[in-house]
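# Chains, contacts and geometry: an overview
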Amino acid sequence: ISTADKDGKFSIPVDGLKAGDKVSVTATDAAGNKSGATDATVAPAAPVVNPVKAGDTAVTGTAEAGSTVEVTLPDGTKATATADKDGNFSVPVSGLEEGQTVSVTAKDASNNTSAPTTATVAKADDTKAPDAPSVNPVKAGDKAVTGTAEAGSTVEVTLPDGTKATATADKD
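First, a word on scope: everything that follows refers to the structure included in this document. (Residues numbered from 1 in each chain as written. Predicted model: local features only at pLDDT ≥ 70, side-chain atom pairs only at ≥ 80, totals over all residues. Heavy atoms only, no water.)

### Regarding the pairing of strand 4 (residues 58-62)
Which entries qualify depends on this criterion: Exposure is judged per residue with a 1.4 Å probe applied to protein chains only, and the accessible area is read against the type maximum: over 50% gives exposed, under 20% gives buried, and values in between give partly exposed. Helix and strand assignments come from DSSP, with helices taken as H or I runs of at least 4 residues and strands as E runs of at least 2, each series counted from the N terminus. Note: two strands are recorded as paired if DSSP finds a minimum of 2 bridges between them.
The alternating pattern of strand 4 places V59 and G61 on a buried face, while none of A58, T60 and T62, on the opposite face, is buried. Here strand 3 (residues 48-49) runs beside strand 4; their pairing, made up of two bridges, is antiparallel. For V49, the partnering residue across the bridge sits in strand 4 and is G61. The sheet contact formed by strand 4 and strand 7 (residues 88-92) spans five bridges and is antiparallel. Bridging across to strand 7, T60 finds its partner in S90.

### Some details on the pattern of salt bridges
Note the following rule: In what follows, salt bridge is the name for a side-chain nitrogen of Lys or Arg lying within 4 Å of a carboxyl oxygen of Asp or Glu.
Per the stated rule, a full pass over the model turns up six salt bridges. Note that K6 is salt-bridged to D7, the shortest N-O span being 3.7 Å. The exposure class of D7 is exposed, given its relative accessible area of 55%. In this structure, K18 engages D21 in a salt bridge whose closest nitrogen and oxygen atoms are separated by 3.9 Å. By relative accessible area, which is 53% here, K18 ends up exposed. For D21, a relative accessible area of 23% gives the class partly exposed.

### Some points on the nonpolar core
To be explicit about the condition: We call a set of buried Ala, Val, Leu, Ile, Met, Phe, Trp, Tyr and Cys residues a nonpolar core when their side-chain atoms join them within 4.5 Å. Contact criterion: two residues are considered in contact whenever any of their non-hydrogen atoms come within 4.5 Å of each other.
The biggest cluster of nonpolar side chains holds 20 residues, and the ones touching the most others in it are V59, F89 and L96. Listed by contribution, the elements that provide at least two residues to this core are strand 5 (68-72), strand 6 (78-82), strand 7 and strand 8 (101-107). The greatest single-element share of this core, amounting to three residues, is contributed by strand 8. Leave out the neighbours within four places in its chain, and V59 touches V49, V52, V71, F89, S90, V91, V93, L96 and V104.

### Brief notes about the sheet that holds strand 8
Here is the rule we go by: Only the contacting stretch of a helix is used when fitting its axis, a line to C-alpha atoms as for every element, and angles between N-to-C directions run 0 to 180 degrees.
Strands sit in the order 6-5-8-9 across an open sheet of four strands; the sheet is antiparallel. The sheet terminates laterally at strand 6 and strand 9 (117-120), the two strands that pair on one side only. Neighbouring strand axes in the sheet, compared pairwise and without regard to direction, differ in orientation by 25° on average. As paired elements, strand 5 and strand 6 share five bridges and run antiparallel to each other. Following the sheet pairing, V69 is matched in strand 6 by A81.

### Considering the sheet that holds strand 7
Taken in spatial order, the three strands make up an open sheet running 3-4-7, and their pairing is antiparallel. Looking at which strands have only one partner, the edges of the open sheet turn out to be strand 3 and strand 7.

### Points about the side chain of S67
Put simply, the rule reads: What qualifies as a polar contact is a pair of N or O atoms within 3.5 Å, subject to a donor-acceptor requirement within protein and to the restriction that residues adjacent in sequence count only when both atoms come from side chains.
If you trace the backbone, S67 turns up in the loop between strand 4 and strand 5. What makes S67 buried here is its relative accessible area of 0%. Within the structure, S67 has its side chain in polar contact with the backbone oxygen of E64 (distance 2.6 Å). Sequence-distant contacts of S67, that is, excluding residues within four places in its chain, are made with A81, T82, A83, A106, K107 and D108.

Structural measurements only, silent on function.
Right, here's the structure in full:
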């Protein structure tokens, strides 16, 4: 039992509630008058969303088994899929760009919607090898081998005796 504060707000500690459980709440005033009951169903937990990367074709993760998972895309459109018996979901998407955000909710069979989980789209995996470096002419007595390569890449020079020297290509 709890008493509502001056603004009518209350908080009653409870234990062991699971998604789909139903609770019934009543209020009794100081004169002993009891309200009708308000019933509530416990909403599913917020989905767990796997990392999302630019160019991904699906948003994946886990949610309550059988729930409808809804992804709200950066442009406000929505895409949905159903979590399987193990709670895994894969919602097809396209056109995601680094830095954008998506919001993911789960809705159970009783139409209770979870709190949203927000994910920020990360940089896509770099799976393409850089182009071969362009090497400036090397002359006898040079103290450096110079040229251009993909910015940020590690450049390795193998010398005649088999030793290697490395440097990182700058942003230019």
